[in-house]
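Coordinates in review
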Amino acid sequence: MTRLKSGGALIDRDTSVTFTFDGKPFRGMKGDTLASALLANGVRLVNRSYKYHRPRGVVTSGPEEPNALVNLGSGDRHEPNIRMTQIELFDGLEATSQNRYPSLKSDVGVLNAAASRLYPAGFYYKTFIHPRVAWKHLFEPVIRRIAGLGRAPTEADPDTYEHQYAFCDTLIAGGGPAGLLAARRAGEAGERVMLVEQTERWGGRLLTDDDAEIDGKPARDWIAGQVAALEAMENVTLRLRTCCSAAFDHGYALLYERRADHMTPTGPRHRLWRVRAGQIVGATGMIERPIPFYGNDFPGVMLASAVRDYVRLWGVAPGQRTVLYTTNDDGYRTALALHEAGCHVAAILDARADPVGILVEQAREAGLTVMSATGIGKVSGNRDGVREIQTVPLDRGDDVELGKRIECDCVAMAGGWSPVVHLYSHSGGKVVWDADRAMYRPDPENPPRDRHGEPYVRLVGGAGGALTTGDVLASVGGATPSVVAAAEQPARPVWFTPSQGKAALGGKHFLDYQNDVTVADIRLAAREGFESVEHAKRYTTLGMATDQGKLSNINGHAILAETLGKAMADVGTTTFRPPYTPISMGVIAGQEKGLLFKPVRQTALHDWHAEQGAEFEPVGDWRRPYRYQRDSEGREASITREIKRVREKVGLLDASTLGKIIVRGPDAGKFLDLMYTNMMSTLKPGKCRYGLMCNDNGFLMDDGVVARLDEQTFLCHTTSGGSDRVHAWMEEWLQTEWFDMRVLTANVTEQWSQFAVAGPNARALLERLEGDVDFAALPFMGFAEGTVAGMPVRVFRISFSGELSYELAVPTSYALSLWEALLDVGGDLGVGPYGTEALHVLRAEKGFIVIGDETDGTVTPHDVGMSWAVSKKKDDFIGKRAMERSDLTRQGRKQLVGLLTEDPGYVLPDGAHALSKDGERAIGHVTSTYHSPTIGRSIAMALIEGGMDRMGETVQIGIDRKTSVKAVIASPVFYDKDGARQNV
Amino acid sequence: MSDLSLARAALDVSPPSGLGAQVEAMPLRGMVTIRGDLGDAGFAAALQAATGCAVPEVRGSTVSGDTRVLWMSADEVMIFCAWDAAPGVVATFMEKAGDAHVLALDVSDARAVFRVSGEKAWRVLAKGAPVDLERMEPGEVRRTRIATVAAGIVRTDGDAFEIFCFRSFSTYLWNWLCVGAGAESLSDL
Amino acid sequence: MLLIQCPVCGVEAEETEFAPGGEAHILRPEPGCSDAEWSAYLFERKNPRAVHYERWRHAFGCGKWFHMARHTHTLEIFGVYAADAPEPPQEIRDRIAERTAP
């Protein structure tokens, strides 16, 4: 056990927590992370690396962790690739290691490492090119098994998630000293403030590095005071475990709240906050950089800041004998923390020639060995971790001999600090290389700008480049608290430490732990001409793993600059993209899953249809009854039964989904003359006319029956699912083109439920209901209003089946009453419902088109044989000018025809292609195809090149690569060509 | 004789209670859409005669008894009234408007209305409406979307909001509101 | 995601409440126009990395169309104006000149 006897600001030593890792039970303490608990149990090997399967341990103590990814949970709560440094321990937690087979300790993939000289940068690009077929069947399956991260979950996620929209003046990301102070300032100014912190605690690095005194108080007391003051402000919202994942244009930010990951979930597990902020303050701190040296990936090699976090926050000693390798004064805090906790510090290697600073002196006074201008040349160890290091003198070029061996079990790397500039980058701000401080920091000249062109993201504290507590607080602005802290000397960046002779690149100096990218890979990429930082990144995969290069990018770019002999600023950096750390797929969906996945529109009779055995089909967002199942009859049988009912007796169709738009005003007729291809202004009140609507390309977009209700008022029917589109289309023309027209529209689709009553017995059925509508007197294409069975109705004598047919519209609250009344009185007339499939067969028998079946956005009214519906008298209508274009008037356009297969029992597949005589070319395609029970054979409609001039011609219809069938081109009107049946 | 209770089509989820927000499906309500020149004195007079209400300010509403006039757009208002009063409102308005270029339609059956009330009511709506509901004024009308459904929201008083959407979406929206109001998450919002 | 102020109902709302309608101030030619004019009306659109005058509709809100002057790269919005305006108002043009001055 490596738990220290005392200390650990975050743990509750009295509350023990049990958990399992790879099935083995462990104990931790309340307040532990999975990482701290495993370290406390002496578990250092936690993962195998992605490519070489090298043993890996915990490197960090936070969200930047590249190595310590685990599968969390089991069964339907299994989740891969979770950073154990961010997992708060709870009773019963189950974690398993990833990327190993059969076990973490004996992993066969380690053979990859033995052959690692065969895996240089770009290896996959270079190797698996030939033969092409081998990629899919041989290389990819093998590589997928060997490489990879966690196992993807296979079961549906039982947890719930949600979104929450929020609005504030200032959003502050990060609850360290700068964030707390910024929130305090904004809160005191009366702003609406949100302060979020990704961990479960306030205070940031001050919790660990509490050697500073702020406003005369110990740092921790100052933090507690700030939090208490903020909690007392009603205009400030504080949220822990909430990470500002992204900052987008115009102040839009996404916050990822891990609401219940640390407990048995009650309510949503994660919450996505969709915030609109006037200002975004990024107080996101800094991330410490590792140092690339030979063997810098053995378990036990950690960031110096993480080492002291484990000591101070969780009372865990990551090692009993630690070597610190530092480039700056701050690293000494780790040596001092270890020393203070009673852990041995074997040596401090300082890259600088002459370290002096107050912290350096404190270390010397404590009796610790400080070696200047010295680095780590090589680390030796095994899967359980570091055994020893060998020093190397710096400043003597690459061709050096290794020096002294120092036995140790932990190496702390203090490679300098990189500001977390992600939020600045996400929203379009630029960063600049600050050579003095060896960091990319936000460029104040190029901030993200909002809709007014004003800067709206500001990075403060470490994120803005401040390195000391005093500078951090001063960067917030306003009155700065007084800070007493040790002064620090300049750092000396080290991008690469040679190992032995000519830099010894054969040994591995890791940059990107998660993707196994080494210094040698970057140098190779540069030599091969991948000089742009973006190219080198993609060639080597540097920074492309789930940690997105939080530890590796800066070192990698520095190596690239050095190899190319360029300045860091000239090489540039890649752009950080959201999210900052991975977010769950569940939280993206939020509440909209299962029942709420997508809105479904239902008619007023939906429940009735369902009770009558309806099989529903989607029509736009609507669900319409496709057919009604009776007893045990088959699918075909039920459709045939419904068709025969309409042809022989009388059927009812719920046509409520048809769009209904009222168009009213002195210019309504004139307006509709422009909207429709045919003339509407001449329509008489009380009459209906079928109309076609085109776009200005001349192509059909909608159709429907228009009824003139009175001199100034028209009712325009649209296709199902077309009502919103057509209403918006009319409004667009009225608002943006013909705004001088006196026309008002309203979409009344849902006010009215509408039923087709179709069949030879339709009139007899309707006449049985009491009322004042004279159905016998109503002519074909006539319209009447009145009362039927005590309900207010509109009656349209129109037919989409070719039968005697009326459509009745009632206010929707009467829908069920009217529907049931019709069924009640017509039992002996054979009345019953029919669904959309019967509707389609009935209309196809009559050669009536359906927008979206016979049309596809490239079809004109002339193409479908409806030239009669295109007015020649009108000066203009939408689509008129386009129909005069050469392509729309040329011979040989595809035209609508009927197809009769040679074998009357064979129903063509929908969409099948008609072939040219030589079989080489498609000359058209099937648009609708059914078995017609009425005429007892298959029928189809098709668009065929020059089809109207090819009546009687036999064409081949391709069925698959080998088969084709013969069909004769015929009129698309298959039944009752004279229309006698509807005119009775 | 109206028989289609809107709640009937929408009982897949039970409305929760006691979590800071209550969700109710409102009974059938009279609704009238009126379009025309809202700034015209004749329009105002006709509206006053038909409803007892003045023309509302932009995104506002005016109330008289159980009638509320909601601003819907620059040339459109919606009237909420008793279900059987709607035909009368249309008739009176059209009569008073005379020859003016206006449109008045009884659309009482086109939309469903839900009421979400309670201390956390706005939090339920904020799960899917991109609107600063916390700062909405009493009487304010906001047309927006809830999830992906077009909806109108009016803050009727204090903590209570009325939501209206096309009737075909009522089952979906009802379920959506109940799931949102039922989540134990309201406790930490 | 843009934050857009609708000039009709006055709300400043997120982009998801709006529907874009492409380039603004394109005149629909008279029916007797040439093929070239008609083709330009149907198909020819600017695609600048600069200020763009465009049409938007407050689709989930008041339903009204309006015009917006927006920089396609910086996403700065210089103003919104009425759907029936034949050209951008002087006030917006002045603001653009001021904001985009070198």
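This text follows the structure it describes.
Residues numbered from 1 in each chain as written. Chains lettered and ligands numbered in written order. Predicted model: local features only at pLDDT ≥ 70, side-chain atom pairs only at ≥ 80, totals over all residues. Heavy atoms only, no water.

**A closer look at the interface of chain C and chain B**
- Taken together, the contacts link 13 residues of chain C with 17 residues of chain B.
- Here chain C packs against chain B, burying approximately 1,000 Å² in sum over the two surfaces, 51% of which is carbon and sulfur.
- When residues of chain C are sorted by the area they lose upon contact with chain B, E17, F60 and K64 of chain C head the list and together hold 44% of the total.
- E14 of chain C is paired through a salt bridge with R145 of chain B; the nearest N and O atoms lie 3.0 Å apart.
- Remark: the boundary between chain C and chain B carries nine residue pairs in polar contact (both at pLDDT 80 or more).
- In terms of residue class, the side of chain C that touches chain B is made up of six nonpolar, three polar and four charged. (Contact = heavy atoms within 4.5 Å. Buried area = accessible area lost by both parts, 1.4 Å probe. Salt bridge = Lys/Arg side-chain N within 4 Å of Asp/Glu carboxyl O. Polar contact = N/O pair within 3.5 Å; in protein donor to acceptor, adjacent residues only side chain to side chain. Nonpolar A, V, L, I, M, F, W, Y, C, P; charged D, E, K, R; others polar.)

**Considering the interface of chain A and chain B**
- Each side of the interface is counted separately: chain A has 48 residues, and chain B has 52 residues.
- Taken over both partners, the interface formed by chain A and chain B buries close to 4,400 Å², and the fraction arising from carbon and sulfur atoms is 53%.
- On the chain A side of the interface with chain B, the three residues burying the most area are Y165, R192 and L744 of chain A, jointly 15% of the side's total.
- Our count for the contact surface shared by chain A and chain B stands at eight salt bridges.
- Where chain A touches chain B, the interface holds 30 residue pairs in polar contact (both at pLDDT 80 or more).
- Mapped by element, the contributors of at least two residues to the side of chain A that touches chain B are β8 (161-173), β15 (270-282), β35 (658-664), β39 (744-747) and α22 (815-825) of chain A.
- Per-element accounting of the side of chain A that touches chain B gives the leading share, five residues, to β8 of chain A. (Helix = DSSP H or I, 4+ residues; strand = E, 2+ residues; numbered from the N terminus.)

**As for helix α23 (residues 836-845) of chain A**
Residue and element names in this part refer to chain A.
- In terms of burial, α23 is a largely internal element, 10 of the 10 residues being buried.
- Residues of α23 that are buried: T836, E837, A838, L839, H840, V841, L842, R843, A844 and E845.
- Summarising the contacts, the buried residues of α23 are in contact with β32 (614-619), β33 (622-628), α18 (635-648), β34 (650-654), β47 (922-932) and β48 (937-945).
- Positive phi appears at G847, one or two residues downstream of α23, with a value of about 75°. (Buried < 20%, exposed > 50% of the residue type's maximum accessible area, 1.4 Å probe, protein only.)

**Examining the packing of helix α1 (residues 41-51) of chain B against helix α2 (residues 86-97) of chain B**
Residues and elements named next belong to chain B.
- The N-to-C vectors of α1 and α2 enclose an angle of 150°; their axes lie 8 Å apart at closest approach. Between α1 and α2, the interaxial angle falls into the category roughly antiparallel. Considering the relative orientation of α1 and α2, their crossing is right-handed. Of the residues in α2, those in contact with F43, A46, L47, A49, A50 and T51 of α1 are V89, T92, F93, K96 and A97.
- When the residues that make up the contact of α1 with α2 are grouped by side-chain class, the tally is eight nonpolar, two polar and one charged. (Axes fitted to C-alpha atoms, helices over the stretch in contact; angles between N-to-C directions. Parallel < 35°, antiparallel > 145°, perpendicular 65-115°, else oblique. Left-handed = near helix turned anticlockwise from the far one by under 90°.)

**Comments concerning the pattern of salt bridges**
Residues and elements named next belong to chain A.
- Applying the stated criterion across every chain yields a total of 80 salt bridges over all chains.
- The shortest N-O distance in the salt bridge between E340 and R312 comes to 3.5 Å. Taken together, the residues span a long stretch of sequence, with E340 in helix α8 (residues 332-340) and R312 in helix α7 (residues 304-314) at a distance of 28 residues.
- In this structure R312 comes out as buried when scored by relative accessible area, which is 18%.
- E845 serves as the salt-bridge partner of R647, at 2.7 Å between the closest nitrogen and oxygen. Note that R647 is positioned in helix α18 and E845 in helix α23, a separation of 198 residues in sequence. An identical accessibility class is assigned to R647 and E845; each is buried.
- Salt bridges here are not isolated pairs; linked through shared partners, they connect R205, D209, D211, R308, D309, D330, R333 and E488.

**Observations regarding the side chain of K874 of chain A**
Residue and element names in this part refer to chain A.
- Here K874 lies in the loop between α23 and α24 (886-889).
- Notably, K874 is buried but unbridged: the nearest opposite-charge side chain belongs to D673, and the N-O separation is 4.5 Å.
- Only 2.7 Å separates the side chain of K874 from the backbone oxygen of Y676, close enough to count as a polar contact.
- The contacts of K874, once residues within four sequence positions are left out, are D673, Y676, T677, N678, M679 and K880. (Lys, Arg positive; Asp, Glu negative; His and termini not counted.)

**Looking at the sheet that holds strand β36 (residues 688-694) of chain A**
All names here are of chain A.
- Strand order in the open sheet formed by five strands is β36-β37-β38-β35-β39, and the pairing between neighbours is antiparallel. Single-partner strands in this sheet number two, and they are β36 and β39. Across this sheet, the average inter-strand angle for adjacent strands is 30°, counted without regard to direction.
- In this sheet, strand β38 (residues 713-720) lies alongside β35 in antiparallel orientation, the contact comprising seven bridges. When the bridges of β38 are listed, I662 appears paired with L715. (Pairing = 2+ DSSP bridges.)

Function-wise, these values are silent; they only describe arrangement.
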